[in-house]
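One-letter residues, chain by chain:
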Amino acid sequence: MTMAIAADGLVRSFGTVRAVDGVSFEVGEGEVFGLLGPNGAGKTTLIRLLAGVLTPDAGSARVLGLDPTVDGSAVRSRCGVLTETPAVYERLTARQNLAFAADVFGVPVPDVGPRVGELLARFSLQDRAEEPVGGFSKGMKQRLALARALIHDPELLFLDEPTAGLDPVASRQVHDLVGTLRDEGRTVVLCTHHLVEAEALCDRVGVLSKGRLIALGTVRELSDRLLAASPVALTLLDPVTDAVAAAVGVVPGVTVTEREERRLLLAAADDGAAADAIQAAVRAGGRVVSAGRREHTLEEVYFALQGVPA
Amino acid sequence: MNWRTVRAIATKDLLEVRKNRIAIWSILGLSFFLSIGMPVLIGLLPLASGASGGDLGPFEALTHLLPPGLQGLPLGSRMVVLMLGYFLAPLFLIIPLMVAAIVGAESFVGEKERHTLEGLLYTPATDLELYAGKVLAGAVPAVIAAFLNFAIYSVVVNLITAPIVGAIWFPTVSALALAVWVGPAVALLGVSASVLVSTRVETFLEANQLTGLLSLVIVALMVGQGSGLLLLSLPVLLFVGLVFYGVDVVLIRLGAAIFSRDRLMARA
């Protein structure tokens, strides 16, 4: 796979604080990569380093095959960045905002008008195109900022907390957009602390804590590495009887971890033990409706990484 | 240097300034006072004083700057001509200085204040293009405002003094040098000072107040002229302009060195 981003030991300090501390990772072309971590973990600083806006104290990076420290302008001309706050010009109209971005990003002059019109329509802003942005809702400003990030048809997008402060409908639109960007083959780096969002959208995630990358991989990989095997949930049609619970509990390699009215959660050593437990429940008179492993959520993985009980 | 980028940044900044009421009213108020209000008030002086004889006191030293044809004017008329044509002329430099300082403060600090700077720093514009765009945004309207106000001031001065002098005599060569040669230098001074101040302050008003202190330079020129210590004849004005341009070059280079993405982002 061709790499869109390859960071090697990036370090950046502000005064005595190491905002990014020896971060190395790679993101493949066309991948949606999540950068997770609490506020102040170093996510935004990392984006700034990769976009060539900040210079690393140590380490290096290649972004779209270029060194952002040396070729910052070229890197930025091929990247779109959605900042944490929309950072749109509130005294200008939506159209003026996009036209300015088109000029600065070098969109060919004859294409500026059509491109601006196309993005205004795509983000449902055409009816308010001539109004000053100061009167827009937060969701509209965020949509305008997204349109601006796409004005030059970038290959790589950095989205820093794209759904922060948005209502569910606007958040859904952003999620759909990320899906569309992935379908178009663009690489997306998504900074978020919304774990459900990251789980739904990202192919892989990296977890930052105090400037360090403490985990990297798919949610499944991290779960397998960090947590015990996922529990097996056994759901019955009728309330769980003592006989069923006892029959399941004596199967070798199986422990009943939780008993609810119609459900048992089991810790099974392997899939064979899980199958034996299901058979035992049926033999004991339990009418099994469903059985299967419940995968760990990213939230559980994340809290395990941070050393906090989920 | 990509001039399309530079022009886009300057145009965007000017569009934003146009929507800043404090900036626009400050510029309009200052322009009206210096170009129309002040000369009209001074034109009324002879009527108020009723002066017809004696000497001009501290302004007597300026008399020899008057063209020979005007030296025989009555005292009151001579005073008006001296005040409008010579003594107050340096005050006129406050217009390019303040317009540049106001637009510069709005352009540099305003971006920080409104949290739009980060978005701008993520564009492909180089540090030099960003800086040039901002300097242009401050300097161009300052020079245009200076020339426009000078034209208005010239019309007003002639309207007031033509009946006394019997001719259209303003602008004098030195007033023209002041507007055309020294004015743009002062505009650049205002912009370059704004850049430096903007690295230290967080709000438009703070920046505006600090750069406003530069008007003391203009007041010093005026006092020099009025006291006879520094008579602004043509050679003196050419020299003063050169000094300002020299200071501009130093300040602009200093500003360009300070204007780095890394530094701005680290402080954002």
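Residues numbered from 1 in each chain as written. Chains lettered and ligands numbered in written order. Predicted model: local features only at pLDDT ≥ 70, side-chain atom pairs only at ≥ 80, totals over all residues.

Q: Is there a simple way to explain the packing of helix H3 (residues 94-104) of chain A against helix H4 (residues 109-122) of chain A in this structure?
A: For any two helices packed against each other, the geometry is given by the interaxial angle and the distance between the axes. Residue and element names in this part refer to chain A. Direction vectors running N to C along H3 and H4 enclose 130°, while the axes themselves pass 10 Å from each other. In terms of orientation, H3 and H4 fall into the oblique class. Two packed elements cross with a definite hand, and for H3 against H4 that hand is right-handed. Contacts between H3 and H4 pair Ala94, Arg95, Leu98, Ala99, Ala102 and Asp103 from the former with Val112, Arg115, Val116, Leu119 and Leu120 from the latter. The residue makeup of the contact of H3 with H4, split by class, is 8 nonpolar, no polar and 3 charged. (Axes fitted to C-alpha atoms, helices over the stretch in contact; angles between N-to-C directions. Helix = DSSP H or I, 4+ residues; strand = E, 2+ residues; numbered from the N terminus. Parallel < 35°, antiparallel > 145°, perpendicular 65-115°, else oblique. Left-handed = near helix turned anticlockwise from the far one by under 90°. Contact = placed C-beta atoms within 7 Å. Nonpolar A, V, L, I, M, F, W, Y, C, P; charged D, E, K, R; others polar.)

Q: Which parts of the structure should I look at to understand the pairing of strand E13 (residues 288-293) of chain A?
A: Residues and elements named next belong to chain A. With 0 of 6 residues buried, E13 is to be regarded as a mostly surface element. In the sheet, strand E10 (residues 232-236) pairs with E13 via 5 bridges, with the strands oriented antiparallel. Considered in E13, the bridge of Val232 is made with Arg293. (Buried ≥ 20, exposed ≤ 12 C-beta atoms within 10 Å, placed from the backbone. Pairing = 2+ DSSP bridges.)

Q: What exactly am I supposed to notice about the environment of B:Leu117 here?
A: Residues and elements named next belong to chain B. As for its placement among the helices and strands, Leu117 is situated in helix H6 (residues 117-121). Leu117 sits in the buried class, given 21 other C-beta atoms within 10 Å. Between the C-alpha atoms of Leu117 and Met83, which are 34 residues apart in sequence, the distance is 45 Å.

Q: Could you clarify how one ought to interpret the environment of A:Glu261 in this entry?
A: In this structure, A:Glu261 sits in the loop between strand E11 (254-259) and strand E12 (263-268). Setting aside anything within four residues of it in sequence, one finds A:Glu261 in contact with A:Pro239 and A:Val240.

Q: Sorry if this is basic, but what is going on with the packing of helix H5 (residues 94-113) of chain B against helix H9 (residues 204-212) of chain B here?
A: Residue and element names in this part refer to chain B. Between H5 and H9, the least distance of the axes is 8 Å, while the angle of their chain directions is 150°. By the angle between their directions, the pair H5 and H9 is classed as roughly antiparallel. Between H5 and H9 lies a crossing whose hand is right-handed. The segment H5 lies against H9, with Ala101, Ile102, Ala105, Glu106, Val109, Gly110 and Glu113 engaging Phe204, Ala207, Asn208, Thr211 and Gly212. Looking at the contact of H5 with H9, its residues break down into 6 nonpolar, 4 polar and 2 charged.

Q: Hey, could you run me through the confidence of the model for chain B in this one?
A: Low pLDDT marks regions whose predicted coordinates should not be analysed in detail. Mean pLDDT over chain B stands at 82; residues scoring 70 or higher make up 89%. Across chain B, element-level confidence peaks in helix H1 (residues 3-18) of chain B with a mean pLDDT of 91 and bottoms out in helix H3 (residues 45-49) of chain B with 61. (pLDDT = per-residue confidence, 0-100.)

Q: Help me out: how do you make sense of the sheet that holds strand E4 (residues 58-63) of chain A in this one?
A: Paired through backbone hydrogen bonds, the strands of a sheet run either parallel or antiparallel to each other. Residues and elements named next belong to chain A. Within the open sheet, the 3 strands sit side by side as E2-E1-E4. Their pairing is antiparallel. Two strands close off the open sheet at either side, each with one partner strand: strand E2 (17-28) and E4. Within the sheet, the average angular offset between the axes of one strand and its neighbour, ignoring direction, is 15°. With 9 bridges connecting them, strand E1 (residues 3-14) and E2 associate as antiparallel partners. For Val11, the partnering residue across the bridge sits in E2 and is Asp21. Its contacts with the sheet put helix H1 (residues 43-50) on E1, E2 and E4, and the angle it makes with E1 is roughly 115°.

Q: Can you help me understand unusual backbone geometry in this one?
A: The peptide bond linking B:Phe170 to B:Pro171 adopts the cis configuration, its omega dihedral lying at 10°. Located in the positive-phi region is A:Ser124, a residue other than glycine, with phi close to 55°. Of note, A:Ser124 is situated in the loop between H4 and helix H5 (138-149). Since 11 C-beta atoms lie within 10 Å of it, A:Ser124 is described here as exposed. The phi torsion at A:Asp153 lies on the positive side, around 55°, for a residue other than glycine. One can find A:Asp153 in the loop between H5 and strand E6 (156-160). What makes A:Asp153 partly exposed here is the crowd of 13 C-beta atoms within 10 Å.

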